[in-house]
Amino acid sequence: MIFSLIVPVFNASRYLKECLDSIRGQTFEGWECLCVDDASTDASVDILKKYARDDSRFRVVTLPRNAGVSAARNYGLDCAHGEYIGFVDADDVVSPHWLEAASDAFAQGVDMVKLSISRESPLSSYMRPRKIDPLAGYDVFDCSILRGGLTVQNFYRRTVLRDVRFKTGMKVYEDAIFNLEALLNVKTAVSLDFAGYWYRESATSAWKRRTAEDIVQLIRALEVWYKKAEASLRQTKAEELAKSRMATYVTSIVQDFITHSQSVDVGRSALFLAK
């Protein structure tokens, strides 16, 4: 069993060593780490090359120009050799047992594994469950539709992602759409309550610079996904679940945007979102 871990890197030298050390410290040994440098201008490339020299499981590629996190992840997907795919952000940290937990779940023959994240350190200790029950049908949609929207929370069997890529035209919420697209190829899944991933809140996150136009783009992408997913949702009786989740998700995003927006005319943004 081999995992391909995809790490997009752009000017991440401050936390990059901590991130890569946590990957190298996994108790599960069957992995490769694809570090995709998105034309960094800091010391990130030098750090990546040193790790690749010291440990052949780290592979490094540098994109010729800064193309964004979605393009970097897509390139990693195109280069992945592993049977299972996971994602790590370059400023985050994973537990030593992170891959071990995913491996235990994939041993059930499932297509997707969902783990929890922590927004604070230290990370949880892993307690191997006595029994792991796979989910199917409605329950797969229930555990995954706009829940755990961060790509780093999910592992996928590589064949699930054969026709799924990140939308490079989306600067925000691309994780949520990617996960929804992948979900259409998932027949069985496991959701483990193990917070083996420390998600570090970034002061420069694209989410904090989102615009009303970004939210409209998300709504349109959700509409496209729903039409594509409608037959599967109907078959599993998850249509109302999907509609409810999308409505709640978009409403919370709009409310948060209007509440915290300081750089735009809130009244104008509300009118734009209402179009």
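This is a predicted model, so every value here is computed, not measured. By convention here, each chain's residues receive numbers from 1 onward along its written sequence. Reporting in this predicted model follows two pLDDT cut-offs: at least 70 for local features of residues, and 80 or more for side-chain atom pairs to be given and counted; totals over whole chains, interfaces and linings ignore these cut-offs and use all residues. Computation of side-chain values: all heavy atoms of the structure, hydrogens and water removed.

(A) Main features of the side chain of Arg157. Under the DSSP-based scheme used, a helix requires at least four consecutive residues in state H or I and a strand at least two consecutive residues in state E, with every element numbered from the N terminus. Inspection of the secondary structure puts Arg157 in strand E8 (residues 154-157). A relative accessible area of 17% places Arg157 in the buried class. Whether two residues are in contact is decided by their heavy atoms, any of which lying within 4.5 Å being enough. With residues near it in sequence (within four places) discarded, Arg157 still touches Glu83, Tyr84, Phe106, Gly109, Val110 and Asp111. Accessibility here uses a 1.4 Å probe with only protein chains present; expressed as a share of the type maximum, an area under 20% marks a residue as buried, one over 50% as exposed, and anything in between as partly exposed.

(B) Spatial organisation of the pattern of salt bridges. Counted as salt bridges are all cases of a side-chain nitrogen of Lys or Arg within 4 Å of a carboxyl oxygen of Asp or Glu. Scanning the entire structure with this criterion turns up 20 salt bridges. In this structure, Asp78 engages Arg165 in a salt bridge whose closest nitrogen and oxygen atoms are separated by 3.0 Å. Here the residue Asp78 occupies a position in helix H3 (residues 69-79), and Arg165 occupies one in the loop between E8 and helix H6 (174-183), the gap between them amounting to 87 residues. Residue classification places Arg165 among the partly exposed residues on the basis of a relative accessible area of 32%. It is possible to trace a salt-bridge network through shared partners that takes in Arg73, Asp89, Glu174 and Asp175.

(C) Representation of H6 in the model. The element H6 is extensively covered by neighbouring structure, given that 10 of its 10 residues are classed as buried. Taken residue by residue, H6 has Glu174, Asp175, Ala176, Ile177, Phe178, Asn179, Leu180, Glu181, Ala182 and Leu183 as its buried positions.

(D) Just the confidence of the model for the protein, in detail. With 92% of its residues at a pLDDT of 70 or more, the protein has an overall mean of 91. Per residue, pLDDT measures the predictor's confidence, with a range of 0 to 100. Throughout residues 264-275 the model reports pLDDT below 50, and contacts reaching past four residues in sequence, or to other chains, amount to 15 contacts.

(E) Region of interest: the environment of Ile258. Following the sequence through the fold, Ile258 ends up in helix H8 (residues 239-260). Taking the relative accessible area as the measure of exposure, Ile258 reaches 29% and is therefore partly exposed. A sequence separation of 174 residues divides Ile258 from Tyr84, and the C-alpha atoms of the two residues are 39 Å apart.

(F) Spotlight on the packing of H3 against H6. An axis is simply a line fitted to the C-alpha atoms; with a helix, the fit covers only the stretch in contact. Between two such axes, the angle follows the N-to-C directions and lies from 0 to 180 degrees. At a minimum axis distance of 11 Å, the contact between H3 and H6 shows a crossing angle of 35°. The interaxial crossing formed by H3 with H6 has right-handed handedness. Residues Val69, Ser70, Arg73 and Leu77 of H3 pack against Glu174, Asp175 and Phe178 of H6. Charged means Asp, Glu, Lys or Arg here, nonpolar means Ala, Val, Leu, Ile, Met, Phe, Trp, Tyr, Cys or Pro, and polar covers whatever is left, Gly included. Residue composition of the contact of H3 with H6, grouped by class: 3 nonpolar, 1 polar and 3 charged. Rotating anticlockwise by less than a right angle from the far helix to the near helix defines a left-handed crossing, while the corresponding clockwise rotation defines a right-handed one.

(G) Here's a closer look at the packing of aromatic side chains. Side-chain rings of Phe, Tyr and Trp (the six-membered ring for Trp) are treated as a pair once their centres are within 6.5 Å; stacked means planes under 30 degrees apart, edge-to-face means over 60, and tilted covers the remaining angles. Scanning all chains against the criterion turns up 14 aromatic pairs. Judged by centre distance (5.8 Å) and plane angle (85°), the rings of Phe87 and Phe178 are edge-to-face. Here Phe87, found in strand E4 (residues 84-87), pairs with Phe178, found in helix H6; they are 91 residues apart in sequence, far enough to count as distant. Look at Phe178 and you get buried, because its relative accessible area is 1%. Between Tyr156 and Phe178, the ring centres sit 6.1 Å apart and the planes meet at 80°, which makes this aromatic pair edge-to-face. Placement of Tyr156 in strand E8 and of Phe178 in helix H6 is noted, with a sequence separation of 22 residues between them. Classification of Tyr156 by relative accessible area gives buried; the value is 0%. Members of the aromatic cluster, each reached through a chain of ring pairs, are Phe3, Phe28, Tyr84, Trp98, Phe106, Phe155 and Tyr197. The side chain of Arg200 reaches across the aromatic face of Tyr15, ending 3.7 Å from its centre. Positioned above the aromatic ring of Trp198 is the side chain of Arg200, whose terminal nitrogen or guanidinium carbon lies 4.5 Å from the ring centre. For a lysine, the NZ atom is tested; for an arginine, the CZ atom; a charge sits over a ring if that atom is within 6 Å of the ring centre and within 35 degrees of the ring normal.

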